[in-house]
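# Fold and geometry: a report
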Amino acid sequence: MSILQSKSIFSAMLQDGPFAVVDEPPLAHPFSPSTREWVRAIRDDHLMKTKYRAVRNQILDFLGVATFDDILPLLSSRELRDQTACRAHQLLGNMFGIQAQAELIDRHLHDYARTADDVINSLRAKVLAPYSSHIETTNEIETMHDPVDLLLVLFDERFHQKARFEAKRKLVLMGLAGSIDQRERETGIEQKFADFLAFLNRYVWSPSLKIGDLEISYLYSHHSDKDFSCTDVCVLTEEEARKIVPAAGEKLTLIKRRRFHVEGWEIPIYVTIRKKPPAAKVLKLLRKNEKNPATAVDDELGLMAVLNSIGDVKRFLKHLTRSAVKADSFMTLEDISDTLTGGRYGGSATGSSAKTPMLKFFARLGGMRVEFIIHTNRSYLNYIYQRDVAHDEYEVKRIFDTGVAEFLFPPDIYHLDMAKIRAAQLARFRKQIEEF
């Protein structure tokens, strides 16, 4: 289900529904024309009426008041707000399983606010970079980190509609950040990440190299005029690459490679290890229209590897499973998808391309479940450069095609045409890929 549909799990955020942030705060008289119109809009929608009651009760319970009218004194009294915040922070701490003193709970809440800001700033930095000034968060909202202050902004007539929407958006993103943090604490993801790195360094990579000792190489490739897919590629040393000036349709791509030892051979391998930052996990929850990280974020730990040939890929898999046994753990490979040898990728993610060649699986070992994506040199270059496949293009498509861009930056507030921006950004990234 799209995040923009009325039955979306985030429907209370939509600007074309009954919970929209409008010009005036929602503290009008119960018999005013605007309130009567609002009641008519949800009168026959039983699901929306239930959602309204749930949201209303959450707001009143969180602020410790009986009616919306009781919110007015909180807007004018700093002392009352501080008392309300102290109580509310403890409630949030218990909800997110933070069994600690008030100071530590406040620190967690501050981190959630920073993650919420990082979600917006990450889009400003890349996918929506040319429109950064259009979507910049109001200064007063970006500097707020207290959920009570943010919630009260929604009822404060001194704040513009855009600022009040951004306060509401920040609260929603903070809630997702809190769920992700709780999940990470419950699963011990930080320790598992450290254990995974230790496993690789002790059992997988060649002992002839020091930890972090990487061999600089370059992939010199030629690309098709039709779709900019890689037609041929060779590996160059750093010295050889200095003599090359890529022409049109050519690329010189830096890779820093480790080595693993198998059957008397030292085989080079480029590896990038990924632990998704909280902001990326929040965006994934939005794209999936989910609030539960346990069901939507299954790739918290990941590794992408690039090898010279299919033969080296097979040797690496064999070496990997045997290394797990040396570490006293059996390794199973789950959800295997192999398109390196000519199959077709059946990814279900919005924006992904069926033409993406890779070997993808989850490895379960040592109490961890790690996502592996394996490429050859050619498939890796296609992953970076090929039209309709390149990851930069995929990032644009999944933000726009899932509705997340419009969800976070609704047109009635930001006055942006997301369909035009999508086309412009795809063209911009394609030009960067092929001309630079």
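From a predicted model like this one, the values you see are computed outputs, not experimental measurements. (Residues numbered from 1 in each chain as written. Predicted model: local features only at pLDDT ≥ 70, side-chain atom pairs only at ≥ 80, totals over all residues. Heavy atoms only, no water.)

## A few points about the overall build of the protein chain
Rules: Numbering of helices and strands runs from the N terminus; a helix is a DSSP stretch of H or I covering at least four residues, while a strand is a stretch of E covering at least two. Classification of residues uses two cut-offs on accessible area relative to the type maximum, computed with a 1.4 Å probe and protein chains only: under 20% is buried, over 50% is exposed, and between them is partly exposed. Per-residue accessibility takes into account occlusion by the displayed protein chains alone, with areas from the Shrake-Rupley method and a 1.4 Å probe.
When helices and strands are counted, the protein chain shows 19 helices and 8 strands. When the 436 residues of the protein chain are sorted by exposure, 46% land in the buried category. Counting every atom, the protein chain has about 21,900 Å² of accessible surface; 52% of that belongs to carbon and sulfur.

## Let's talk about unusual backbone geometry
Even without being glycine, Glu263 reaches a positive phi, approximately 50 degrees. Its location among the elements puts Glu263 in the loop between β3 (250-262) and β4 (265-275). Phi is positive for Asn289, which is not a glycine, with a value near 55 degrees. Assignment of secondary structure puts Asn289 in the loop between α12 (278-288) and α13 (293-296).

## Description of helix α4 (residues 78-95)
Convention followed: Take the residue count of a helix, subtract one, and multiply by 1.5 Å to get its expected span. The directions from the helix axis to the C-beta atoms form the arc being described. Two residues form a contact once any of their heavy atoms are found within 4.5 Å.
Over its 18 residues, α4 extends 25 Å from the first C-alpha to the last, a length consistent with the 26 Å expected when each residue adds 1.5 Å. Within α4, burial applies to Arg81, Thr84, Ala85, Ala88, His89, Leu92 and Gly93. Buried residues of α4, seen end-on, are gathered within an arc of 170 degrees and therefore sit on one face of the element. For α4, the exposed residues lying more than 90 degrees away from the buried face are Glu79 and Cys86. Each element contacted by the buried residues of α4 is listed here: α2 (46-63), α3 (72-76), α5 (102-125) and α8 (147-153). Among the residues trailing α4, Gly97 stands out with phi positive, at a value near 70 degrees.

## Thoughts on the packing of α5 against helix α9 (residues 161-187)
Condition: Whenever a helix is involved, its axis is fitted only over the stretch in contact; in every case the axis is a line through C-alpha atoms, and angles between N-to-C directions fall within 0 to 180 degrees. Handedness of a crossing is defined here by the sense of rotation of the near helix relative to the far one, left-handed for an anticlockwise turn of less than a right angle and right-handed for a clockwise turn. For this classification, Asp, Glu, Lys and Arg are treated as charged, while Ala, Val, Leu, Ile, Met, Phe, Trp, Tyr, Cys and Pro are nonpolar and the rest, including Gly, are polar.
Relative orientation of the contacting elements α5 and α9 amounts to 115 degrees, with a least axis distance of 8 Å. You can see that α5 and α9 cross each other, and the crossing is right-handed. Listed contacts from α9 to His108, Leu109, Tyr112, Ala113, Thr115, Ala116, Asp117, Val119 and Ile120 of α5 are Arg169, Lys170, Leu173, Met174, Ala177, Gly178, Asp181 and Arg185. Taken together, the residues of the contact of α5 with α9 break down into 9 nonpolar, 3 polar and 5 charged.

## As for the pattern of salt bridges
Stated precisely, the cut-off is as follows: Whenever Lys or Arg places a side-chain nitrogen within 4 Å of a carboxyl oxygen from Asp or Glu, that contact is recorded as a salt bridge.
The full count for this structure, using the stated rule, is 28 salt bridges. One salt bridge in this structure joins Asp111 and Arg114, with 2.5 Å as the shortest N-O distance. In this pair, Asp111 and Arg114 both sit in helix α5, 3 residues apart, roughly one turn of the helix. As a salt-bridge pair, Arg315 and Asp312 come within 2.9 Å of each other at their nearest N and O atoms. Placement of the pair is Arg315 and Asp312 together in helix α14 (residues 310-326), with a separation of 3 residues, close to one helical turn. The class for Arg315 is partly exposed, based on a relative accessible area of 36%. Residue classification places Asp312 among the buried residues on the basis of a relative accessible area of 10%. In this structure, a network of salt bridges that share partners links the residues Arg78, Arg81, Asp82 and Asp149.

## Focus: the packing of helix α10 (residues 189-204) against α14
The criterion, for reference: Each angle receives one of four descriptions, namely roughly parallel if under 35 degrees, roughly antiparallel if over 145, roughly perpendicular if within 65 to 115, and oblique otherwise.
Close contact between α10 and α14 brings their axes to 10 Å; oriented N to C, the two are set at 105 degrees. As summarised for this structure, α10 and α14 are arranged roughly perpendicular, according to the angle between their axes. Residue-level contacts link Phe199, Tyr203 and Val204 of α10 to Phe316, His319, Leu320, Ser323, Ala324 and Lys326 of α14. Looking at the contact of α10 with α14, its residues break down into 6 nonpolar, 2 polar and 1 charged.

## Brief notes about the nonpolar core
Heads up, the condition is: Joining through side-chain atoms within 4.5 Å is the link that ties buried Ala, Val, Leu, Ile, Met, Phe, Trp, Tyr and Cys residues into a set, and such a set is a nonpolar core.
Counting 70 residues, the largest nonpolar core has Leu63, Leu128, Leu286, Phe400, Leu408 and Phe409 as its most contacted members. Setting aside residues up to four positions removed in sequence, Leu128 forms contacts with Leu123, Ile135, Phe400, Phe409, Ile421 and Gln425. If you look at the next biggest cluster of nonpolar residues, it comprises 30 residues, including Leu200, Trp205, Leu303 and Met368.

## Observations concerning helix α19 (residues 418-435)
An α-helix turns once every 3.6 residues. As a result, residues three or four positions apart point the same way. What counts, and what does not: Polar contacts, as used here, are pairs of N or O atoms within 3.5 Å; protein pairs need one atom able to donate a hydrogen and one able to accept it. Residues neighboring in sequence count only if both atoms are side-chain atoms.
Between its first and last C-alpha atoms α19 spans 25 Å; for 18 residues at 1.5 Å apiece the expected length is 26 Å, and the two agree. When α19 is considered as a whole, its buried residues turn out to be Met418, Ile421, Gln425, Leu426, Phe429, Arg430 and Ile433. All buried residues of α19 fall inside an arc of 165 degrees around its axis, so they share one side. Residues of α19 that are exposed and point more than 90 degrees away from the buried face comprise Lys420 and Glu435. Of the surrounding secondary structure, the elements contacted by the buried residues of α19 are β3, α15 (377-385), α16 (391-401) and α17 (404-408). Near the N-terminus of α19, the side chain that reaches the backbone nitrogen of Ala419, with its oxygen 3.2 Å away, is that of Asp417.

## Examining the packing of aromatic side chains
Operational definition: For this analysis, a ring pair means two rings from Phe, Tyr or Trp (six-membered ring only for Trp) whose centres lie within 6.5 Å, classed as stacked if their planes differ by under 30 degrees, edge-to-face if by over 60, and tilted for the remaining angles. Remark: a charge is flagged as sitting over a ring if the NZ atom of Lys or the CZ atom of Arg is within 6 Å of the ring centre and within 35 degrees of the ring normal.
If you walk through the whole model with that rule in mind, you get 12 aromatic pairs. With a centroid separation of 5.7 Å and 55 degrees between ring planes, the pair formed by Tyr270 and Tyr380 is classed as tilted. In this pair, Tyr270 sits in strand β4 while Tyr380 sits in helix α15, placing the two residues 110 residues apart along the sequence. Residue class for Tyr380 comes out buried when judged on its relative accessible area of 8%. The interplanar angle of 90 degrees and the centroid separation of 5.4 Å between the aromatic rings of Phe409 and Tyr414 together place this pair among those described as edge-to-face. Per residue, the accessibility class of Phe409 equals that of Tyr414, and both read buried. One aromatic cluster is present, formed by Phe165, Phe409 and Tyr414 through successive ring pairs. Over the face of the ring belonging to Phe429 we find Arg428, whose NZ or CZ atom lies 5.4 Å from the ring centre.

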